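Coordinate inspection notes
These are the residues of each chain, in order.
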Amino acid sequence: MPHIILKSFPLTEEERTKVTEALSQTLQQSLGKSEASISVAIEEVPKENWQEQVYNTEIAPHMDTLTKKPGYSY
């Protein structure tokens, strides 16, 4: 039962739909999961709050366990 939480700068409704569909399809294909078993949440973070709310608390302290590291730093 995969559940994805995507943190992102604010998105349009079209972007939210597209990324949700793409993530769901990827999990279905790569993990062999049914669409019904997948859930996706999108938490929008304003750009000016990204460093404090996301990078400093969820990215930088866990850099050694990230499976995909960002190409930026603060």
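First, a word on scope: everything that follows refers to the structure included in this document. Not measured: the values here are computed from a predicted model.

1. Quick notes on the pattern of salt bridges
Counting across every chain of the model gives 4 salt bridges. Here E43 and K7 are joined by a salt bridge, their closest N and O atoms 3.1 Å apart. Placement of the pair is E43 in strand 2 (residues 39-44) and K7 in strand 1 (residues 3-8), with a sequence separation of 36 residues. The partly exposed category is assigned to E43, whose relative accessible area is 34%.

2. Quick notes on the pairing of strand 1
In this structure, strand 1 lies alongside strand 2, joined through 6 bridges in parallel fashion. Paired with I4 across the bridge in strand 2 is V40. Each parallel crossover has a hand, and for strand 1 linked through helix 1 (residues 13-31) to strand 2 it is right-handed.

Basis of the calculations
- Residues numbered from 1 in each chain as written.
- Predicted model: local features only at pLDDT ≥ 70, side-chain atom pairs only at ≥ 80, totals over all residues.
- Heavy atoms only, no water.
- Salt bridge = Lys/Arg side-chain N within 4 Å of Asp/Glu carboxyl O.
- Helix = DSSP H or I, 4+ residues; strand = E, 2+ residues; numbered from the N terminus.
- Buried < 20%, exposed > 50% of the residue type's maximum accessible area, 1.4 Å probe, protein only.
- Pairing = 2+ DSSP bridges.
- Right-handed = clockwise from strand over helix to strand, strands pointing away.

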